[in-house]
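Fold and geometry: a report
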Amino acid sequence: MASRTRRPERRQEPLSRERIISAAVELLDTVGESGLTFRALAERLATGPGAIYWHVTGKAELLDAATDAVVTTTITGDDTDATPQEAIRALALGVFDAFDAHPWVGTYLARTPGQSPMLRVFERIGRRVQALRVPEAAQFTAASALMNYILGVAGQNAANRRTLQPGTDRTEFLDAVATAWTELDPDQYAFTRTVAGQLRKHDDREEFLAGIDLILTGITVRQ
């Protein structure tokens, strides 16, 4: 008796834009932007590329939607009862953690600074700056300083993680870098040698928030 050809498993859930975007985020996290193709996405979703094009017109729209999905998670919390400083710190940390978990986001946003996900973050920061009663003439500068610090440090932290070899022990890596700093020329690198010990034991998230607090202090002191 001839054996029947086994049909490929059919997807259990109906294909939707939300499922496509979620799968795209997973693919980007796994293989990065270069690995995000409609063929790879179709295989992950057990469908054909044509079905995906019904919901998304191309890779550019897909990247925008995936980035928006990640960034949106950082601005959906309720901070009604928080002080402006607390709200800004929470938002900043949300962006930092999102970039850390999805390193491709920072790289993509660096190329498209005017995209709507970051405009919503900027709007949220700006409203908290207004709540701090910053003079109107200084509000753009204050919000921009916070925004640029958040994107810059969060993006650099994510980039640093990508450059490390898989399985690298962070403590050992920082110890090696700190040791190299202590061996620098004392005349040319007096300050760097002095803070080498702090590099060895620092926490990235704590340092990030400390920088936010420095900016917030400067904003409130100048009023």
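Everything below is about the structure printed above this text.
Predicted model, so just to flag it, every value in this text is computed and none were measured.

Each value, and the rule that gives it
- Residues numbered from 1 in each chain as written.
- Predicted model: local features only at pLDDT ≥ 70, side-chain atom pairs only at ≥ 80, totals over all residues.
- Heavy atoms only, no water.
- Helix = DSSP H or I, 4+ residues; strand = E, 2+ residues; numbered from the N terminus.
- Expected span 1.5 Å × (residues − 1).
- Polar contact = N/O pair within 3.5 Å; in protein donor to acceptor, adjacent residues only side chain to side chain.
- Contact = heavy atoms within 4.5 Å.
- 1 Å grid on protein atoms, 1.4 Å probe; cavity = no way out; pocket = protein on both sides within 12 Å on 5 of 7 lines; lining within 4 Å.
- Points joined across faces, edges and corners; volume = space filled by probe spheres on them.
- Nonpolar A, V, L, I, M, F, W, Y, C, P; charged D, E, K, R; others polar.
- Core = buried A, V, L, I, M, F, W, Y, C linked by side-chain atoms within 4.5 Å.
- Buried < 20%, exposed > 50% of the residue type's maximum accessible area, 1.4 Å probe, protein only.

1. As for helix α9 (residues 170-182)
- Between the first and last C-alpha of α9 there are 18 Å, a value that for 13 residues agrees with the 18 Å anticipated at 1.5 Å per step.
- With a side-chain oxygen lying 3.1 Å from the backbone nitrogen of Thr171, the N-terminal cap of α9 falls on Asp169.

2. Focus: the environment of Phe122
- Here Phe122 shows up in helix α7 (residues 116-131).
- Counting along the chain gives 79 residues from Phe122 to Glu43, while the straight-line C-alpha distance between them is 37 Å.
- Excluding anything up to four places from it in sequence, Phe122 contacts Phe140, Ala143, Ser144 and Met147.

3. Digging into the layout of surface pockets
- One number sums up the size of the largest pocket: a volume of about 790 Å³.
- For the largest pocket, the lining is made up of 26 residues, of which Asn157, Asn160, Arg170, His202 and Asp204 are closest to its centre.
- For the lining of the largest pocket, the elements supplying multiple residues, two or more each, are α5 (84-101), α8 (136-163), α9, α11 (196-201) and α12 (204-221).
- It is α8 that provides the largest number of residues to the lining of the largest pocket, a total of eight residues.
- Looking at the lining of the largest pocket, its residues break down into nine nonpolar, nine polar and eight charged.

4. Let's talk about the nonpolar core
- The biggest cluster of nonpolar side chains holds 51 residues, and the ones touching the most others in it are Leu41, Val121, Ile125 and Ile212.
- Of all the elements in the fold, those that place two or more residues in this core are α1 (17-31), α2 (38-45), α4 (59-72), α5, α6 (103-111), α7, α8 and α12.
- Residues in contact with Ile212, not counting those within four places in the same chain, are Ile88, Arg89, Ala92, Leu146, Tyr149 and Ile150.

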